[in-house]
Amino acid sequence: MASLQILLCLCVATAHLAGTRGTTTPEEPMVTAWGLESSLLHPGQPSPALEDWEEASEWTSWFNVDHPGGDGDFESLAAIRFYYGPARVCPLPLALEARTTDWALPSDVGERVHLNPTRGFWCLNREQPRGRRCSNYHVRFRCPLEKPYLVKHPESRVQEAGQNVTFCCKALGTPMPKKYSWFHNGTLLDRRKHRYRTHLELHGLHPDQAGTYHCKAWNDAGAVRSGTAQLTVLAPGQPACDPQPREHLIKLPDDCGQPGSGPIYLDVGLCPDTLCPSPAGSSPRCGDAGSRCCSVHRLESRKIHCSGYILPVKIVAECGCRKCLPLRGLIRGRVVAADSREPLRFARILLGQEPIGFTSYQGDFTIEVAPSTQRPVITFVDPSGQFVDTVRVLPFDPRGAGVYHEVKAMRKKAPVILDASQSNTISLGEMEDEAPLGELVIPPRAFRRADGEPYAGAVEARVTFVDPRNVTSAAAAPSDLRFVDGDGELAPLRTYGMFSVDLRAAGSAEQLQTGPVAVRVAASQIRMAGHVEALKLWSLNPDTGLWEEESGFQRERSAASRVRREERVFLVGNVEIRERRLFNLDVPERRRCLVKVRAYANEKFTPSEQVEGVVVTLVNLEPAPGFSANPRAWGRFDSAVTGPNGACLPAFCDADRPDAYTALVTATLGGEELEPAPSRPRPLPATVGVAQPYLDKLGYRRTDHDDPSLKRNGFRINLAKPRSGDPTEANGPVYPWRNLRECQEAPVTASHFRFARVEMEKYEYNVVPFREGVPASWTGDLLAWWPNPQEFRACFLKVKIQGPQEYMVRSHNSGGSHPQTQGQLYGLRDDRSVRDPQRPSTSAACVEFKCSGMLFDQSQVDRTLVTIMPQGSCRRVEVNGLLQDYLTRHPPAAPADDLAAFSMLAPLDPLGHNYGVYTVTDQSPRLAKEIAIGRCFDGSSDGFSREMKADAGTAVTFQCRETPEGRPSLFQRLLESPSAALGDIRREMGEVARAQARASGPLRTRRGRVQQ
């Protein structure tokens, strides 16, 4: 049976955005212990007369699927949906009306019938007066009006002057939206001139038609605004793609520059990620994505002279319009319990209304969405029923780079047993030593079965509350706390709490519903000015991820509760639908701002080493009076994904009081927590990235500022809105809400907050340049590290180091068996080993190597020649037995092996942790690597860890010792004078081998006999 859960939240919305009902007068004192009250009604009650409906609703057309032969006349809702289509009747009908085909009421013809809006209508011949049979009936349903929501947004286009263009917009709702309006640069277009509806067609384009376009859709319940599309109109002869590449710097290996001169960078060029116009004479249909993009047209080979070797590189010489690579929005992640972090296994996944799969045994999931999707709404349904269904709006990268999310699920509260014949009160609040925020009051005899019949037995109730007074609970809160205002714009809500209600007959799995119930909120808990008057009850639409207003609140004026009447809508049937209701606070437009954040590869914060695909989360905090660093509660949260120019996150802010709102900002990449710039003993502008005096006003503090033992995974700031006309606050990192474009396009020299990856020190070099955050930058070349732009396979080898410190390990990758690439370099990877916290003298490195397989021409495989070489005086002491056996059974063997390094012709098979090899295939190269690294750290083929387990799943082990002072390391000697270094190695190897043979000879003999 479908799980029936009610998710509720205490919130406030301002009158100018959501309107107010039941507000109090100024002279009414706020002294009542439980000062605010709202009521909910069950839809299975007898339907009121048409004029009595408070909720906006309408009747469907009439349906007739059965005739009164046999046992009677049956007009079931399931049959109506089957024959007429599921869209003809809303998911949650409020009422049902039946009439004979002669338009007579059942009472007029004296027949006994049964009506239930969730099941349908039935008339039984055996129940009629003697000699009579049921008449032939048709039925209709009363459906609530549903605000429209967008399922198709207009997409950006590039066209030449004189060509045509078509923009598309589609909305759904109840009733179906039929009125559409289109806007150009914010100005309404003439409907009669353009003759538009869901499509806007522009013919014979001219330059002044360039700019932004969006649509609005209306029905009787409201309006909704689409996202914005950009139209670029090229003048005759104007190239859409500049053949001259833009600057793109890559870092060269340290030994390719002069000693002590710092890192060396090379401009390898890049082509901008822009669309090209359609071929002459073509006119893309509505919904067709651009087929041509600006990409690499020609590469040139160069050679870089480094210390003791020549480094090949290919640079972009010319850009041009070519066929676009298909883009796919990828969302990967893991669902875990918010309290114990246990994985949510085999949870059903819904994208909007559509079931799309299940999580894995480890709680992992992969979801593909169209790049044009604005807000992917994803629901995770726990099959065990122990967790509240988790609804999330997960941001992603529309350019095709995958984004990783860790989703936290709320465990349902332990059940309590209620007496259905008595009044029951359930507290709402989870904080120890704190008064409850409110309570849920269920009057006597309020419980109903699914068919509307009264229920009088014991009730098992689970009420799960998300208490915003606990800052850590923000991670488990559903949706993104947004609603559509009266103008069709997305607007934020500020929550005062959310709760889920699950009611069952005691001792069984039977779902129960209720009649009128009251939600009472403690007025003393709502402290911000104006919030008491604006408090509303909202419900979450799991299909759109948007909150919809259900009712307002009124002050309780006497001991007798004044319950506000409201119809609670339950969705029942074969689809997993759960009712959720939230109270949320919306703040005025003037208090909304944007915060600029960038992520970097390391704490040097080099502009050319920004990291894309980082999920940055900003949690708005409401401070306790007078203590901006001691927040009383969180109010909302927002997440964004960093692109090539960082990310802009929405936030509540205030121009009058800098500490009226504060925020906690964190960042993650594939499960790895990034660190912000330090603030001890005081934040430095050059490090934090924000100029003075604005930095002091924002009160930047990293999470370890007051206690160095705390994690350094976020920072807190005051959200001080920039003052108009103040030049010290006009350049970021906080921008007014209306300056979104200025925030998005701000140069890297403008003020911004910074995060850096600190997990490990690493270096990557590809002969053929490729930006992993932009899969469309892939170039077809035999020396490309990734040979297939639609499927990226990441391979890692786990290298164990026995030594007193952490060591840099290099992976040298060249052609091994392919006749056209044999001996030619694909790329280099340097990775510093990470110490095992359980073994002080042991560390390990997860080193990437180029996977063997087909090259981009798909004509012949190449087994990559991989050489692993630690920096320092290191010797190989052990190779994984299974890996060694595999390499022996799959010739040819790697040439010239020695104890200072490990070489192999990489296996074609994916192998696994038992071999010390970790392989992950994904549609996103970055996600494939992050997942493989997590498994390598864990030493398993399906686990994930950020703590190095050096003894688990190792491929090769080296023993390293400190280099005598004044003597260069073996790594450096090999680079500067390979022949002399190899001679020294052979002499030392001979001595060590003879010593080891004398010490372990008898043992080896015994082992050999056993094997025989």
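Just so you know, these numbers come straight off a predicted model, no measurement behind them. (Residues numbered from 1 in each chain as written. Predicted model: local features only at pLDDT ≥ 70, side-chain atom pairs only at ≥ 80, totals over all residues. Heavy atoms only, no water.)

Caption draft 1: Here's a closer look at the overall build of the protein. Helix and strand content of the protein: twelve helices and 67 strands. Evaluated residue by residue, the protein yields a buried proportion of 54% over its 1012 residues. The long-range share in the protein, meaning contacts at least 24 apart out of those at least 6 apart in sequence, stands at 73%. For the protein, the exposed surface amounts to about 43900 Å²; the carbon and sulfur share of it is 50%. (Helix = DSSP H or I, 4+ residues; strand = E, 2+ residues; numbered from the N terminus. Buried < 20%, exposed > 50% of the residue type's maximum accessible area, 1.4 Å probe, protein only. Contact = heavy atoms within 4.5 Å. Areas by Shrake-Rupley, 256 points an atom, 1.4 Å probe, with all protein chains shown as cover.)

Caption draft 2: Structural detail: the sheet that holds strand β26 (residues 364–369). Here we have three strands laid out as an open sheet, ordered β26-β23-β29, and mixed in their pairing. The two strands at the open ends of the sheet, each matched to only one other strand, are β26 and β29 (403–409). The mean angle between the axes of side-by-side strands here comes to 30°, regardless of whether they run parallel or antiparallel. Strand direction decides the pairing type here: strand β23 (residues 329–337) and β26, joined by six bridges, are antiparallel. Within β26, the residue paired with arginine 334 across the bridge is aspartate 364. (Pairing = 2+ DSSP bridges. Axes fitted to C-alpha atoms, helices over the stretch in contact; angles between N-to-C directions.)

Caption draft 3: Spatial organisation of the state of the cysteines. Overall, the coordinates contain 13 disulfides when judged by the stated rule. Two residues share a disulfide in this structure: cysteine 123 and cysteine 134, whose sulfurs sit 2.1 Å from each other. Across the S-S bond of cysteine 123 and cysteine 134 the torsion is about -90°, and the bridge reads as left-handed. In this pair, cysteine 123 sits in strand β7 (residues 120–124) while cysteine 134 sits in the loop between β7 and β8 (137–144), placing the two residues eleven residues apart along the sequence. Residue cysteine 134 is classed as buried on the basis of its relative accessible area of 5%. (Disulfide = S-S within 2.5 Å.)

Caption draft 4: Spotlight on unusual backbone geometry. Residues threonine 174 and proline 175 are joined by a peptide bond in cis, for which omega reads 0°. Position of proline 175 among the secondary structure elements: in the loop between β12 (170–174) and β13 (179–184). With an omega dihedral of -10°, the bond running from arginine 680 to proline 681 counts as a cis peptide bond. With respect to the helices and strands, the residue proline 681 is situated in the loop between β50 (675–676) and α6 (685–688). Positive phi values are uncommon outside glycine, yet phenylalanine 605 reaches one of about 55°. Counting through the fold element by element, phenylalanine 605 comes out in the loop between β44 (592–600) and β45 (615–624).

Caption draft 5: Focus on the confidence of the model for the protein. This prediction gives the protein a mean pLDDT of 81; 83% of its residues lie at or above 70. For the protein, the element scoring lowest by mean pLDDT is helix α1 (residues 15–18), at 32; strand β54 (residues 753–756) scores highest, at 96. Taken as a whole, residues 12–52 scores under 50 in pLDDT and shows 154 contacts with residues more than four places along the chain or in a different chain. (pLDDT = per-residue confidence, 0-100.)

Caption draft 6: Highlighting the pairing of strand β9 (residues 146–152). Burial analysis of β9 places five of its seven residues in the buried class, which makes it a mostly covered element. Bridge count for β9 against β12 is four bridges, and the pairing is antiparallel. Counterpart to lysine 152 in the pairing with β12 is lysine 170.

Caption draft 7: Geometry of the environment of leucine 783. Position of leucine 783 relative to the elements: it lies in the loop between β55 (762–766) and β56 (792–802). Judged by relative accessible area, leucine 783 falls into the buried class, the value being 8%. Considered as a pair, leucine 783 and glutamine 824 are 41 residues apart in the sequence and their alpha carbons are 7.9 Å apart. Excluding anything up to four places from it in sequence, leucine 783 contacts Lys314, Val767, Val768, Thr821, Gln824, Leu825 and Tyr826.

Caption draft 8: Examining the pattern of salt bridges more closely. Following the criterion strictly, the structure yields 42 salt bridges and no others. With a closest N to O distance of 3.5 Å, aspartate 502 and arginine 504 form a salt bridge. With respect to burial, aspartate 502 and arginine 504 carry one shared label: buried. A salt bridge links aspartate 951 to lysine 800; the nearest nitrogen and oxygen atoms lie 2.6 Å apart. In this pair, aspartate 951 sits in the loop between α10 (925–938) and β67 (956–961) while lysine 800 sits in strand β56, placing the two residues 151 residues apart along the sequence. Judged by relative accessible area, aspartate 951 falls into the partly exposed class, the value being 37%. (Salt bridge = Lys/Arg side-chain N within 4 Å of Asp/Glu carboxyl O.)

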